[in-house]
Amino acid sequence: MGNKGSKAKSSGGGSKGKAAAAPKGPTRMEERSKDHTEIPLKVCVEGLEEVFLDGNKIEVIREETNKWGTLKAVFFENNQIKELPVDIIRAWVQLEEINLSNNPLTVLPPEIGDAWPNLKSLYINDCQIPQVPKEICNWSKLRLLQASNCGITELPEAVGNFENMSQLSMNGNELTSLPESVGKWSKMKKCFLNSNKLESLPASIGGWASLEKFYINDNCLTAIPEEIGECKNLAEFYANENQLETLPAGLGSCMDVDKIYLNSNKLTALPEELGKLKVLELLYLNNNELDALPSTLANCASLKFIHVANNSIEELPEGLEGLGGLKELNLTGNPIQLSDDQKEAFKDSLQMDAAADDDE
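The model shown is predicted, which means the values in this text are computed figures rather than measured ones.

*Asks:* Before we move on, could you go through the packing of aromatic side chains and cite the residues and values that matter?
*Replies:* Under the counting rule described, the total for this entry stands at 12 aromatic pairs. For the pair tryptophan 116 and tryptophan 139, a centre-to-centre distance of 6.4 Å together with 20° between the ring planes defines the contact as stacked. Taken together, the positions of tryptophan 116 in the loop between α3 (112-115) and β5 (121-123) and tryptophan 139 in the loop between β5 and β6 (144-146) put the pair 23 residues apart, joining distant regions of the chain. Tryptophan 139 shares its class with tryptophan 116; the two are buried. The interplanar angle of 80° and the centroid separation of 5.7 Å between the aromatic rings of tryptophan 208 and phenylalanine 214 together place this pair among those described as edge-to-face. Its relative accessible area of 0% is what places tryptophan 208 among the buried residues.

*Asks:* I'd like a rundown of the nonpolar core, residues and numbers included.
*Replies:* Core analysis: the largest hydrophobic core is formed by 99 residues, its most contacted members being Phe214 and Phe237. Only α2 (86-89) and α3 provide two or more residues apiece to this core. Leave out the neighbours within four places in its chain, and phenylalanine 237 touches Phe214, Ile216, Ile224, Ile228, Leu251, Lys259, Ile260, Tyr261 and Leu262.

*Asks:* Explain the confidence of the model for the protein to me, and be specific about the residues and the numbers.
*Replies:* When pLDDT is averaged along the protein, the result is 92, and 92% of the positions lie at 70 or above. Considering only residues more than four positions removed or in separate chains, one finds that residues 1-16, a stretch of pLDDT under 50, has zero contacts.

*Asks:* Kindly report on the environment of glutamate 63, identifying the contributing residues and their values.
*Replies:* Secondary-structure assignment places glutamate 63 in the loop between β2 (50-52) and β3 (73-75). It is 8.8 Å that separates the C-alpha atoms of glutamate 63 and isoleucine 89, two residues lying 26 residues apart in sequence.

*Asks:* Quick one: what's the story with the environment of lysine 189, residue by residue and with numbers?
*Replies:* Take lysine 189: it is sitting in the loop between β7 (167-169) and β8 (190-192). Accessibility expressed as a relative area gives 41% for lysine 189, which makes it partly exposed. For the pair lysine 189 and alanine 209, spaced 20 residues apart in sequence, the C-alpha to C-alpha distance is 8.4 Å. Contact partners of lysine 189, with chain neighbours within four places excluded, come to Ser166, Ser210, Leu211, Glu212 and Lys213.

*Asks:* Can you break down empty space enclosed by the protein residue by residue, with the values?
*Replies:* Within this structure, the stated rule accounts for one cavity of 30 Å³ or more. For the largest cavity, the calculated volume is near 30 Å³.

*Asks:* Could you give an account of the pattern of salt bridges, with specific residues and numbers?
*Replies:* Taken as a whole and assessed by the stated rule, the structure comprises 14 salt bridges. Across the salt bridge formed by lysine 42 and glutamate 31, the nearest N and O atoms sit 3.0 Å from each other. Note that lysine 42 is positioned in the loop between β1 (28-30) and β2 and glutamate 31 in the loop between β1 and β2, a separation of 11 residues in sequence. Overall, the relative accessible area of 5% leaves glutamate 31 in the buried class. Where lysine 347 meets glutamate 344, a salt bridge forms, and the shortest distance between an N and an O atom there is 3.0 Å.

Parameters at a glance
Residues numbered from 1 in each chain as written. Predicted model: local features only at pLDDT ≥ 70, side-chain atom pairs only at ≥ 80, totals over all residues. Heavy atoms only, no water. Phe/Tyr/Trp six-rings, centres within 6.5 Å; stacked < 30°, edge-to-face > 60°. Helix = DSSP H or I, 4+ residues; strand = E, 2+ residues; numbered from the N terminus. Buried < 20%, exposed > 50% of the residue type's maximum accessible area, 1.4 Å probe, protein only. Core = buried A, V, L, I, M, F, W, Y, C linked by side-chain atoms within 4.5 Å. Contact = heavy atoms within 4.5 Å. pLDDT = per-residue confidence, 0-100. 1 Å grid on protein atoms, 1.4 Å probe; cavity = no way out; pocket = protein on both sides within 12 Å on 5 of 7 lines; lining within 4 Å. Points joined across faces, edges and corners; volume = space filled by probe spheres on them. Salt bridge = Lys/Arg side-chain N within 4 Å of Asp/Glu carboxyl O.

In structure tokens form, the structure reads like this:
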């Protein structure tokens, strides 16, 4: 009985002395696609971590957003924002992700390099920002940079400080080269540099030990560095519409590659080392200047698609008939004659000109 009284007293005393917890405000607010012409005051409050304001008509970042000291992610894409007021946005000290794509921004203020030390993801696609300030290279935590169609002409050497960079998308810019320092991006997994004016790639790309996807279509490249062979995790390599005349033998060391697209180049020969690519499934070489294929392709047991249309190939190497998984062999536009045995072997996969296929 004494014990019961003791428990009741203790319980009652504890509840009496406990202060009521203050109610917490929201940490996430969404005001998407509502035709706002300014940032609503209701989202200019303390305690927020995520704010979605994409698809409005916002022109100005208002002063009251200096309350976003806990903000981690903000989405402003598809608005009418013309500038980033440093005196306001420097208050967003916890910011990790910001999307500013498709706004009429013309400059990134250098001060944001120190203002946002925790930034991991930046999206500025379809803004007109031709210069990347070297100060943003202070973002050592940056993992993702999307800056397509911005008119960017060069990257500062200091981008090597992006030691955590894993995805870069800079399609549709005016880049003619990359700084050697990009070789420090050892965590790079996906790199998209289509439709620039790249004339060369630095040998330091061999430092991209984690690279899985490399897209460099529609540039002005005449060669690929031999060091690409050090990118052991490369799975997809797209270099269509360049001026490539040769391929490095090192590409044959990328044992995980399963897709190679090299259409519309000036290739006259392929390295024998391609025969080492045991998981290669797609090989596209249309519109080049090849007069032969390496016999070692017969060792690429996983090949399903070989497209070599519009080259100058006169005969196929022996052994290709043994590629049991081949689904498409496109020889259209080549001056080639196949033997009856070859026609039989490739009857389910062959694509070629009717004239070349006719029996004499």
